[in-house]
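In case you want the letters, here they are:
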Amino acid sequence: MDVWIVDLDGERRALPAGAPCELLHLDYLTPVPTAPPVVRGVIQVRGQVVPVVDLRAPPERALHPGTPLVLIEVREGLRVALVVDRVHERAEESTADARPLDLAAALATLRPPGGR
Amino acid sequence: MAIDLTPEELHRLRSFFVEEAEEHLEAIERALAALEAMPSDGAAVSALLRKLHTLKGSAGTVGLDELSRSAHLAEDRVAAFRDGVRPPLQGEMQALIAAIEQIRRLVGGAARLVHGPPPMRTPPPPAGASPPEEWRGSERRAVESGQIRVEVEQVDEMMEAAGELVIDRARIARRLIDLDGCVRDLARARAALRSSVMELGPDAGGLGEVELELSDALAHLERATTGMGDDSEHLARTAQVLEEGLQRVRMMEVGRLFERLAGAVKEIARRTGKEVALATWGEQTAIDKAIGERVIDPLLHLLRNAVAHGIEPPAARVAAGKPGVGRVDLSARWRGSEIIIEVGDDGAGVDLDRMRAALVRAHHQTAAEAAALPDAVVVAAIFEHGLSTRDSADDLAGRGVGLDAVKETIERLGGAITCASTPGQGTRFTVRLPLTTAIIGGLLFKVGGHVYAVPASSVVDTAPIAAADFQSTPTGERLLLRGRALPLVRLGALLGEPSPPGSAMRRAAVVLDHEGLIFGLTCDKLIGPRQIVVKGLGPLLSSLPLYAGATISGAGKVQLILDVATLADHARRGVTLGARPTGSVGGPRVLLADDSRSVRETAALILLQAGYRVETVPDGWEAWELLQDRRFDLVLTDGEMPRLDGYDLTGHIRRHPDLRDLPVVVMTSRTVETGRTRALSCGADAFLAKPLRRQAILDAVAAALAAGRRSSG
């Protein structure tokens, strides 16, 4: 099974096994005011709008053009572009030392900010 | 004869009715066949009853009273064995078939009235040609009148392709701009080469020939680029024709449905002795034809309920302190991937006691349980099967053919329905239907450097505004426009975007109409109307109330579409809540202007890596425009650029009251001495010689920023 290994906040993390992934580089980010803070904005991927999710610890770092993103289909109908520090060569790496990243669970806790 | 309708109105309504009746007849015949095959088929009995009921109501509405009576009779025949909870007897079945035959004759008669005599039978197809599998009457008629039937899926595919074409065209236009930049870069390089050749004279050797070849190639490239520009324009026009044509094929304005429904409301009010004023909004909202035709029945049912059961008789209303004339409203609007249609009345509201009693009667609940249920749950039970609070079999809404059927129809269309009710104040049904076509007219504008859109159908006016146009009132800020004081939404504050500096800046207002509420929306700059392809924001963000969707610009940037209903809520409340400030917290903001793409990208990368925030533009004019919209800490500009060069840009900045202290660094490839002299004489803080070196850029920018801070205190 294909497993993607990425660096996130200096740590090796394994992306969900079997989830279709694709490496992208940030071009233009559209901020989405009122969105939860981990959603840094949206980008377009082949004509569709995809949220850019940044799970790195605060303080928020500036996102430059060229920042690596992994496009992941978390579940049917939900695709996100995850901000990562770098992506490892899949073929050569062992997954043993990479902590699994439960993206679905991380996204499930997202709620639009309350009190509006 | 229906009263209060002109002959023209009646004729139009009847032609709609005939279309509708033919579909109902098909469904009735299918149900009848199912019932014949299996006499205990309860679903067929319900379907039959429902369709006959609808047909009866619709026929009555357009004054086809004989047809209405026949449908009533057929309905009675079905009800006889439905109420007996047994399969139909043979005699009952025969009587029903005869009654339906009578309905068919009457519908045929109505069709002749509307369309003229029916066409003769189509001759059999020539030998060898295979006839279409289903060659039904309506299709035959359509072919002979010069119309064709097209599968909805096919139109959808074409619409999608047309949508992509819009995006592709815009992308080509964008690439052409880049290509123009390349041509200019090359021309400049060739000029430099030529002057070198001149200086070198005989020492130039083969360089002279290289220069000539370059000249030829450049001329060729210029011709090709110009030709491509013309082609792109042509493509844009064709794409627009295609797109609009397809839109017309697939979509209709909801106003067409509303016309039919308005006639029905008048008629129902007359029959029930109610006084009702109907208000409609959003007639221009486009709806898929296929969905529009199917949603008519459920809406008619909701309106009948509103008039017959919601609105009280005039005397009761006056006694309750309400105006004698009841109010029913019908509105449509678009939000994201949905059309929202609302039917509201200011009548008595859902009778919660009767609803609770009905829940107990239906054995769902004990009396104590029903009493403990929250009101909202009791109201929601109105859609449950077999739960009818009225027992009378009047011909407007009775016989238990109720809101469960409405809900079922709407859910079959992929939609949803909800009900909200306040005792004594009224009831509101909200129907959500999927939007299948995705090109709308939008008005685009900028706030805080980002482009946003609103549906053009909600825009009533746009105007430039100045500080003097705002007025503070106890209930919030107002915008004075053409003699009116409008509620106001300051979009910059709502979106958490910093406003551009200074009150002298050009600003603009968009005036919107949401269900009769006229309000103003401030923005930094209007861009203009565009046909936009609507995309959803996806499950993660679709719950944000502020957005109705997004669209993608020609340059591939996502632009957010604002939800007019949410903006109207903010305008109504008279307060604009500050949102979380967006954008990365980061270093100073640099505006970088250079007509060479490679210089732009190199310098931007160097600055970004050093922690600056950078916005790039290809010439001085765009830089000047952007300076009106957004606050920057420093301008880094090329000296020689088309439209407005860097020296004139610097001069403009120095003469502007709000911008004159802005640090400016000018880059140039001219000889060091002339470049420096010219840059400094027009007011630049520093000068950089090209080719650029990383450290030189960073030093010059840092020094200019430091000096700027000192001078402005």
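Note that the structure is predicted; figures quoted are calculated from it, not measured.

Draft legend 1. Looking closely at the overall build of chain A. When helices and strands are counted, chain A shows one helix and nine strands. In sequence order, chain A lays out its α and β elements as β-β-β-β-β-β-β-β-β-α. Counting the 116 residues in chain A, one finds 47% classified as buried. Across chain A, contacts joining residues at least 24 apart in sequence account for 58% of those joining residues at least 6 apart.

Draft legend 2. Spotlight on the pattern of salt bridges. What the rule picks out here adds up to 34 salt bridges over all chains. Of the charged contacts in the structure, one is a salt bridge between glutamate 338 of chain B and arginine 432 of chain B, with a shortest N-O distance of 3.2 Å. You can see glutamate 338 of chain B sitting in strand S5 (residues 338-345) and its partner arginine 432 of chain B sitting in strand S7 (residues 426-434), a full 94 residues away along the chain. A salt bridge links arginine 654 of chain B to aspartate 685 of chain B, with the shortest nitrogen-to-oxygen separation between them at 2.7 Å. Linking arginine 654 of chain B in helix H19 (residues 646-655) with aspartate 685 of chain B in the loop between helix H20 (672-681) and strand S23 (686-689), this pair joins segments that are 31 residues apart in sequence. Connected through shared salt-bridge partners, Arg40, Asp54, Arg56 and Asp85 of chain A make up one network.

Draft legend 3. Structural detail: helix H14 (residues 403-412) of chain B. Residue and element names in this part refer to chain B. Among all positions in H14, only Leu403, Asp404, Ala405, Val406, Thr409 and Ile410 are buried. Residues of H14 that are buried make contact with helix H2 (42-61), helix H9 (289-310), strand S6 (416-422) and S7. At the exit of H14 stands glycine 414, carrying a positive phi of roughly 85 degrees.

Draft legend 4. Here's a closer look at unusual backbone geometry. Backbone geometry places threonine 34 of chain A, a non-glycine residue, at a positive phi of 80 degrees. Tracing the sequence through the fold places threonine 34 of chain A in the loop between strand S3 (21-25) and strand S4 (39-45). Here threonine 34 of chain A falls in the buried class, since its relative accessible area comes to 12%. The phi dihedral of arginine 643 of chain B is positive, around 65 degrees, even though this residue is not glycine. Looking at where arginine 643 of chain B falls in the secondary structure, it is placed in the loop between strand S21 (634-638) and H19. Owing to a relative accessible area of 61%, arginine 643 of chain B belongs among the exposed residues under this scheme.

Draft legend 5. View of the packing of aromatic side chains. Per the stated rule, a full pass over the model turns up one aromatic pair over all chains. Note on phenylalanine 383 of chain B and phenylalanine 429 of chain B: the rings are 6.0 Å apart at their centroids and 75 degrees apart in plane angle, and the pair reads as edge-to-face. Here the residue phenylalanine 383 of chain B occupies a position in the loop between helix H13 (375-380) and H14, and phenylalanine 429 of chain B occupies one in strand S7, the gap between them amounting to 46 residues. With relative accessibility at 10%, the residue phenylalanine 383 of chain B sits in the buried group. Exposure remark for phenylalanine 429 of chain B: the relative accessible area of 6% places this residue in the buried category. Looking at lysine 557 of chain B, its charged tip hangs above the ring of tyrosine 28 of chain A, at a distance of 4.3 Å from the centre.

Draft legend 6. Spotlight on the confidence of the model for chain B. Residues and elements named next belong to chain B. Counting all residues, the mean pLDDT for chain B is 79, and 85% of those residues have values of 70 or more. At the low end of the mean pLDDT range in chain B sits helix H5 (residues 137-144), at 43; at the high end sits strand S18 (residues 558-562), at 95. Across residues 391-401, where pLDDT falls below 50, the model places 27 contacts with residues more than four positions away in sequence or in other chains.

Draft legend 7. Examining the sheet that holds strand S2 (residues 276-281) of chain B more closely. All names here are of chain B. What the five strands build is an open sheet, ordered S2-S4-S5-S7-S6; its pairing is mixed. Two strands bound the open sheet, and with one partner strand each, they are S2 and S6. Taken over all neighbouring pairs, the strand axes of this sheet differ in orientation by 15 degrees on average, direction set aside. Packing of helix H8 (residues 254-272) onto the sheet brings it into contact with S2, strand S4 (326-335) and S5, and relative to S2 it is tilted by some 175 degrees.

Draft legend 8. Spotlight on the nonpolar core. Leu302, Ile341 and Leu433 of chain B are the most contacted members of the largest nonpolar core, which has 55 residues in total. A per-element tally of this core places H9 of chain B first, with nine residues. Counting 51 residues, the second-largest nonpolar core is a separate cluster that includes Leu101 and Leu107 of chain A together with Leu443 and Leu562 of chain B.

Draft legend 9. Examining the interface of chain B and chain A more closely. Of the residues lining the interface, 30 residues belong to chain B; the matching set on chain A comes to 32 residues. Summed over both sides, the interface between chain B and chain A buries roughly 2,800 Å², with carbon and sulfur atoms accounting for 67% of that surface. Counting across the interface, chain B meets chain A through zero salt bridges. Where chain B touches chain A, the interface holds three residue pairs in polar contact (both at pLDDT 80 or more). Elements with a contribution of two residues or more to the side of chain B that touches chain A: strand S9 (450-455), strand S17 (547-552), S18 and helix H16 (564-573) of chain B. Broken down by element, the side of chain B that touches chain A gets its largest block of residues, three residues, from S17 of chain B.

Draft legend 10. View of the pairing of S6 of chain B. Residues and elements named next belong to chain B. Residues of S6 alternate between two faces, with Ile417, Cys419 and Ser421 buried on one and Ala416, Thr418, Ala420 and Thr422 left unburied on the opposite face. As judged from the seven bridges shared by S6 and S7, these two strands associate in the antiparallel manner. Across the sheet, the residue bridging to threonine 418 is threonine 430, located in S7. The turn linking S6 back onto S7 is made up of three residues, and glycine 424 within it adopts a positive phi angle of 80 degrees.

Draft legend 11. Region of interest: the environment of glycine 651 of chain B. Considering the arrangement of structural elements, one finds glycine 651 of chain B in helix H19. C-alpha separation for the pair glycine 651 of chain B and serine 681 of chain B, spaced 30 residues apart in sequence, amounts to 9.3 Å.

Draft legend 12. Highlighting the packing of H2 of chain B against H9 of chain B. Residues and elements named next belong to chain B. For the pair H2 and H9, interaxial distance at closest approach is 11 Å and the crossing angle is 70 degrees. Relative to H9, the element H2 lies roughly perpendicular. Contacts between H2 and H9 involve Lys51, Thr54, Gly57, Ser58 and Thr61 from the first element and Asp297, Leu300 and Arg304 from the second. Among the residues making up the contact of H2 with H9, the classes are represented as one nonpolar, four polar and three charged.

Cut-offs applied
- Residues numbered from 1 in each chain as written.
- Chains lettered and ligands numbered in written order.
- Predicted model: local features only at pLDDT ≥ 70, side-chain atom pairs only at ≥ 80, totals over all residues.
- Heavy atoms only, no water.
- Helix = DSSP H or I, 4+ residues; strand = E, 2+ residues; numbered from the N terminus.
- Buried < 20%, exposed > 50% of the residue type's maximum accessible area, 1.4 Å probe, protein only.
- Contact = heavy atoms within 4.5 Å.
- Salt bridge = Lys/Arg side-chain N within 4 Å of Asp/Glu carboxyl O.
- Phe/Tyr/Trp six-rings, centres within 6.5 Å; stacked < 30°, edge-to-face > 60°.
- Lys NZ or Arg CZ within 6 Å of the ring centre and 35° of its normal.
- pLDDT = per-residue confidence, 0-100.
- Pairing = 2+ DSSP bridges.
- Axes fitted to C-alpha atoms, helices over the stretch in contact; angles between N-to-C directions.
- Core = buried A, V, L, I, M, F, W, Y, C linked by side-chain atoms within 4.5 Å.
- Buried area = accessible area lost by both parts, 1.4 Å probe.
- Polar contact = N/O pair within 3.5 Å; in protein donor to acceptor, adjacent residues only side chain to side chain.
- Parallel < 35°, antiparallel > 145°, perpendicular 65-115°, else oblique.
- Nonpolar A, V, L, I, M, F, W, Y, C, P; charged D, E, K, R; others polar.

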